Every structure is written in C-alpha cells, then in structure tokens.
Amino acid sequence: MTPIRPVRPRRARRPGRTAAALVAVLALTAGCAASGAGSEQGNGKRQEGGDLTFLIDSLGDTWIPNNSAISSFQGHIWGHVTDKLVYVDEEGTVSPWVAEEWEQNDDATEFTITLKDGVTFSDGSPVDAEAVVANLDIWADGRPDEGINPIGLFPTTYESAEAVDPLTVKVSFSAPTLGFIPTLGYHGSILISPETLALSAEEQADLSNDIGSGPFTVKSWKEGDSVVLEKRDDYDWAPEALDHAGPATLDTLTYKLVAEPSVRTAAVQSGQAQVAYNPSPQELGPFKEQGYTVAAPRYLGFVNGFALNTQVAPFDDAKVRQAVQVGIDRDEILSTVYTEDWLPAESFIQSNVPGASDHSDEFAFDPEAAKTLLDEAGWRAAGDGVRTKGGKKLTLTLYPNPYLATSQSIDELVAQQLGDLGFEVEIQAYDVVTYGEKVSFQNPSVPAYEVTRSFIDAGTVAGILTDTDGGEDWFNVGQGDPELTRLGNEVAGAISTEEREPVLDELQSYVLQQGYFVPLTQIVQRLYLQSPKVKGVSYNGIAYANFYTAYLEG
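Residues numbered from 1 in each chain as written. Predicted model: local features only at pLDDT ≥ 70, side-chain atom pairs only at ≥ 80, totals over all residues. Heavy atoms only, no water.

A look at the overall build of the protein
Step number 1: A count of helices and strands for the protein gives 17 helices and 25 strands.
Step number 2: Taking all 554 residues of the protein together, the buried fraction comes to 57%.
Step number 3: In the protein, the share of contacts with a sequence separation of at least 24, taken over all contacts with a separation of at least 6, comes to 71%. (Helix = DSSP H or I, 4+ residues; strand = E, 2+ residues; numbered from the N terminus. Buried < 20%, exposed > 50% of the residue type's maximum accessible area, 1.4 Å probe, protein only. Contact = heavy atoms within 4.5 Å.)

Concerning a negative patch on the surface
Step number 1: A contiguous patch of negative charge on the surface is contributed by E100, E101, E103, D117 and E240.
Step number 2: Within the secondary structure, D117 is located in the loop between β6 (110–115) and α4 (129–141).
Step number 3: Residue D117 is classed as exposed on the basis of its relative accessible area, which comes to 61%. (Patch = residues over 30% accessible without salt bridge, like charges linked within 9 Å, V, L, I, M, F, W, Y side chains within 5 Å. Areas by Shrake-Rupley, 256 points an atom, 1.4 Å probe, with all protein chains shown as cover. Salt bridge = Lys/Arg side-chain N within 4 Å of Asp/Glu carboxyl O. Lys, Arg positive; Asp, Glu negative; His and termini not counted. Charge placed at Lys NZ, Arg CZ, Asp CG, Glu CD.)

Focus: the nonpolar core
Step number 1: Among the nonpolar cores identified, the biggest contains 113 residues, and L136 and F547 are the most heavily contacted of them.
Step number 2: For this core, the leading source of residues is α4, giving eight residues.
Step number 3: Excluding its chain neighbours within four sequence positions, the residues that come into contact with L136 are F154, Y158, A161, V169, V171, F180 and L184.
Step number 4: In terms of nonpolar packing, the next biggest core, distinct from the first, is built from 45 residues, F287, V320, V326 and V337 among them. (Core = buried A, V, L, I, M, F, W, Y, C linked by side-chain atoms within 4.5 Å.)

What to know about unusual backbone geometry
Step number 1: P314 follows A313 through a cis peptide bond whose omega is 5 degrees.
Step number 2: By the secondary structure assignment, P314 is in the loop between β14 (304–308) and α10 (318–326).
Step number 3: Unlike most non-glycine residues, N278 shows phi in positive territory, near 55 degrees.
Step number 4: The residue N278 is located in the loop between β12 (275–277) and α9 (284–289) in this model.
Step number 5: A positive phi angle, close to 70 degrees, is found at A543, a residue other than glycine.
Step number 6: Here A543 shows up in the loop between β23 (538–539) and β24 (545–546).
Step number 7: Accessibility expressed as a relative area gives 0% for A543, which makes it buried.

Description of the side chain of Q350
Step number 1: Mapped onto the fold, Q350 is located in the loop between α11 (330–337) and α12 (367–376).
Step number 2: The class for Q350 is buried, based on a relative accessible area of 0%.
Step number 3: There is a polar contact of 3.0 Å between the side chain of Q350 and the backbone oxygen of Y299. (Polar contact = N/O pair within 3.5 Å; in protein donor to acceptor, adjacent residues only side chain to side chain.)

Quick word on the sheet that holds β14
Step number 1: Spatially, three strands are ordered β19-β14-β20 in an open sheet, and the strand pairing comes out antiparallel. Each having just a single partner strand, β19 (448–451) and β20 (517–521) make up the two edges of the open sheet. Between one strand and the next, the sheet's axes are offset by a mean angle of 20 degrees, whatever the strand orientation.
Step number 2: Where β14 lies against β19, four bridges are found, and the strand directions are antiparallel. Each residue of the ladder has a partner; that of A307, found in β19, is Y449.
Step number 3: Taken strand by strand, helix α13 (residues 407–421) contacts β14, β19 and β20, and its axis lies near 60 degrees from that of β14. (Pairing = 2+ DSSP bridges. Axes fitted to C-alpha atoms, helices over the stretch in contact; angles between N-to-C directions.)

Some points on the sheet that holds strand β8 (residues 168–173)
Step number 1: The sheet built from four strands is open, its strands ordered β5-β6-β8-β7 with antiparallel pairing. The open sheet terminates on both sides in strands that have one partner only, identified here as β5 (99–104) and β7 (158–165). Taking each pair of neighbouring strands and ignoring which way they run, the sheet shows an average axis angle of 20 degrees.
Step number 2: Where β6 and β8 come together, five bridges link them in antiparallel fashion. Looking at β8, one finds that I113 is bridged to V169.
Step number 3: In the packing of α4 onto the sheet, the strands contacted are β6, β7 and β8, and the crossing angle to β7 comes to about 175 degrees.

Digging into the pairing of strand β11 (residues 252–257)
Step number 1: Within β11, five of the six residues are buried, which leaves the element mostly enclosed by the surrounding structure.
Step number 2: Across six bridges, the pairing between strand β2 (residues 51–56) and β11 is parallel. Paired with I56 across the two strands is L257, which belongs to β11.
Step number 3: Here strand β10 (residues 226–231) pairs with β11 via five bridges, running antiparallel. Considered in β11, the bridge of V228 is made with T254.

A word on the packing of α10 against α12
Step number 1: Look at α10 against α12: their axes get within 8 Å of each other, and the N-to-C directions meet at 165 degrees. Between α10 and α12, the angle is such that the two are roughly antiparallel. Helix-helix and strand crossings are classified by hand; for α10 and α12 the assignment is left-handed. Each of K319, V320, Q322, A323 and V326 in α10 lies in contact with α12, whose residues at this interface are P367, A369, A370, L373, L374 and E376.
Step number 2: Looking at side-chain class alone, the contact of α10 with α12 contains eight nonpolar, one polar and two charged residues. (Parallel < 35°, antiparallel > 145°, perpendicular 65-115°, else oblique. Left-handed = near helix turned anticlockwise from the far one by under 90°. Nonpolar A, V, L, I, M, F, W, Y, C, P; charged D, E, K, R; others polar.)

Examining α12
Step number 1: Regarding α12, the residues found buried are A370, L373 and L374. Projected onto a plane normal to the axis of α12, the buried residues spread over an arc of 100 degrees and lie on a single side.
Step number 2: Its buried side turned inward, α12 meets α10 and α13.
Step number 3: Positive backbone phi, approximately 90 degrees, marks G378, located one or two places after α12. (Arc of directions from axis to C-beta.)

Some words on the packing of aromatic side chains
Step number 1: For the coordinates displayed, the defined rule picks out 30 aromatic pairs.
Step number 2: Here F302 and F455 contribute two aromatic rings whose centre-to-centre distance is 4.9 Å and whose plane-to-plane angle is 75 degrees, an arrangement assigned as edge-to-face. Residue F302 is located in the loop between β13 (293–295) and β14, and its partner F455 is located in the loop between β19 and α15 (462–465); the two are separated by 153 residues in the primary sequence. (Phe/Tyr/Trp six-rings, centres within 6.5 Å; stacked < 30°, edge-to-face > 60°.)

Some thoughts on the pattern of salt bridges
Step number 1: Applying the stated criterion across every chain yields a total of 18 salt bridges.
Step number 2: In this structure, E162 and K170 form a salt bridge, with 3.8 Å as the shortest nitrogen-oxygen distance.
Step number 3: With relative accessibility at 42%, the residue E162 sits in the partly exposed group.
Step number 4: Since its relative accessible area comes to 27%, K170 is described here as partly exposed.
Step number 5: Taken together, the salt bridges that share partners define one network made up of E483, R486, E490 and E506.

Overview of the pairing of β2
Step number 1: Of all six residues in β2, six are buried, a share of seventy percent or more.
Step number 2: Side-chain alternation along β2 places D51, T53 and L55 on one buried face and L52, F54 and I56 on a second face that is also buried.
Step number 3: In terms of strand pairing, β2 meets β12 through two bridges, oriented parallel. In the sheet register, F54 faces β12, and the bridge partner there is V275.

Rendered as structure tokens:
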C-alpha cells in the first residue's frame, strides 16, 4: 500500500486559538513523551523508535472486544493490539495475514483456512486452529446473556468451525457464503486470546485483560482519558501487503481523549501531538496549504444518505420517495459542507466496493421532475409554499446523525432544498445517547434515518435491506417486496463474484428506482490531520490508520 505523503511544508501560520484552549492543549500532553514530531530536527531521515500521540474525540464506553471493536473510536486501538486472519485494502483486495491461504468448496458452504506458523498472542500462547475456532464461535454467537454481543455483519449462515490440525481450520455454513473470507478483514473480526474470551464481560471490559497478537500491547489505560500502547519486540507476521516486516518502528502510540476539534488541531500545529482525529472539513484547506498531511480515506460500505421508512407517511408513497431523491442538490452539499476530498454518490454503496456500479443518473438532481412527482402523488402547492393533501401538510423531520460531524449542516441544506419543493422540514438534533434511544429504523416517528455503514463484502448488503435471517430491514419492508427479497437472496447466495455482480447491479438499480434510499455523498467518516513529520501511514478497507508502518522523519 502506498504511504500517504504530505505536501512540502510552508511556513505555518500562527494558530488562532483562545488562551483557555492553549492551556488545555498544554495540559493534555503533559505526561506524553517528547520525542514526537514537535521535537525533531527535520533532517529528512527515518527515525527508529519515537512516540506518537493521537488525539481522539471519544474512547467509547466499554472495552469488551466484541462490543467495542466495531466502534469508530475503539477500533483504532484494537487495530494495533490485535491481528486479523486476512488483510483487506481500500479497494477491497483480500490478501493473507494470519491466514496464510484458504480454499472453498464449489458452493461456498465450506472453507478451509491454513494458518501461518509461529504466530503468538502477547502472552506467548499460540494463535493456532483451536484459538481461531474459539474466535469464530464468539464472533458468530457472542454470549448475549452475559452482555457479549455477536459481531455485527458476521454471516448468519455460520454453522461451525473445526480444528483439523494445529494450523488448519474447517468452517461450515448452512448456505453459500461467498463473503466469508473478506469479512475476516472487517474491524470486528479481531483475534483475541482464548483466555480472554473465557473471561466474564466485566473482566473483558478491563482493557488490561484483553490479549491480542498485534504489533502493540497495552502499556496503560485510564478510562475516559487515554490508552498508551507499546510496540511488541517479537512481532514478525504482518501482512505482506503492508511491505514492512518485524516489529513496528514507533516505540509507543498514545491515544488521548480531547473532545474539542479545534484543541486537537491546535495541538498538532504546536507539535504537542502528531495526529488529530476528525478535524472539521472546513479546516482542511488551510492545513494542506501549511504542509500538514490531511488523510480522508473512504471506507468500503454504504454511502451517506437517508433510508426511508416505507410504512410512515409521506414515504409510504413511492412517488414522494422518488421526489426526495431527485429534489436534493448534492453538488451544493459537496461545495458548501465539504472539500474536494469528498466524492458524489454513484449508488447507495461506495464506488470503491468491488461490484459497485454507477447509477447516479437514477437520482440526478431535477427539481422540476421532483415537483411533478409530488403533483402526481396528490400533494398540491398552497399559498404559504407548503404542499397539502387531504388537509394535511407535507411535513418531514430530519434527525442529524451525531456520529457524523457534518450531519446537521447537511440536513440544514436538505431542509432548504426540500422546502423549495413544498416540504415543511423540521430538524431535531440529539446527543449520542438520546439519539440512540429515540432514533431507529422502523420507528413510526422517524420517516428518514440518516445512515452509513462500513462493510467489507457486498454479500453483506442483502442482510441489511430486508429482515431475512434477522436482517436490519432498513426500509421497513420486511419481506413485503418480493423483488427486493429475491435480489437480496440471490446476492447473498451467489457462489462466485461472476455470478453475483450482475445481480448486485440489478439490486442497486431496484433500490434506487423504488426510492428506498436517498444517497447524499460518498462517506469519509474518518479524517486525520497529521504532522508533516509522520510518514508511512497506511489505511485499510475500513479507513483506519495503521501506525505499524509509520515512522517519524527525523
């Protein structure tokens, strides 16, 4: 994977921040090592060792591996403490990691995985077939009665896994599961010591008890404050795709919780930290001009958009759903809220997903067509500009997604654009906790749910669009749309990518034609502002920064 390389630095402008913010910046790094980018002489040489401080806006509320590995926040730590069976890059290419090779039977219901010899957890125990079986079982089933969840998006067709010999695992499924191997590279599929897996949920929630096989181990952690990782000197089984062997170059990684974006970026500007997570998109241009590295990797998964609740008025009418699709000006969203790092949506899945196809013409901005559709649906313009039907106004409430920093700004633009069509739009913003309690799919008070989701393999899509096999049923159709069910089942049940791709193309077109999903933009959920001295960072298929390959330029 090609490292992200920063632009040649220009003289940095003096950062504008309040005295109070500066005090906060100084305080937050008071115990962090000083051998990071701020103390280097800039002689252009690779430095062996060094300490990197990564400022993050949350560290979540639990460290139970199954429950926290899929988090946009804790996932950063797990990606360095643990390994995966396979590596998946940003284009969806799958390559060996702890799994050295694999094969499947003709109908993709049985897979045989051969493990790399000599891999160990940090406690010295082997990452062998028995350990992998223990992980597969808990990924699939969890222990819900104890508060340990199954891994999200793990195939529901999983039946069993068997240790054939110390380095061979046979995995069986009840139906074709073509996406199994790629899903082993998903951020929830982390290899944890069986000794850890046997612990209670309460014990697993103590990060110091959680043993992985990755290039770093937990040196210390303080709940709600920081996690310090140190490199593992005997690590020597990284994926070949990373083009780096042996231990990590950096000595330590410190993840420090700093809630305010401007304080995170100010600390990078002053050299007190090397990476700030999720800076404001509006800041990116000036930072690039100053020579800082801004990384905006796209993950494999769904674009950002609205899943429409087909059981709630007015979206129980396909014409109204279609009107919203073509009534949104995505170019205005991109030019107002974002920068050139964001791309327009071409479908409801990201364009870098293998098998994705361009259907942007099916929801292209056309306000006149949107008005015609609303007319045909019986919604007539009134004197105050708000359409009515049967004495009721055409109203819509949007709920900004608090996990996306730009969500409210987008919703405000959408409200204006739909207002021009005759909608009366209200915006109701909640914090993360309240949002989780009040806003959900199939909630009768939520007609439009703003959503995105990472996934590794397109075979996962079918398990989300309907309620088949416990799917999430994003559009609240259950299995009431036979064509959607058929297409989803055919995508999920394909035994080869050649068989699956034309059906996946048909599924994308059908979902968009029915107005079930309103794409907004391709998603960049993980943004990184880095000191120009940080080199060699790589980004995987779910857009996490990997500092195993990183070094500080001395």
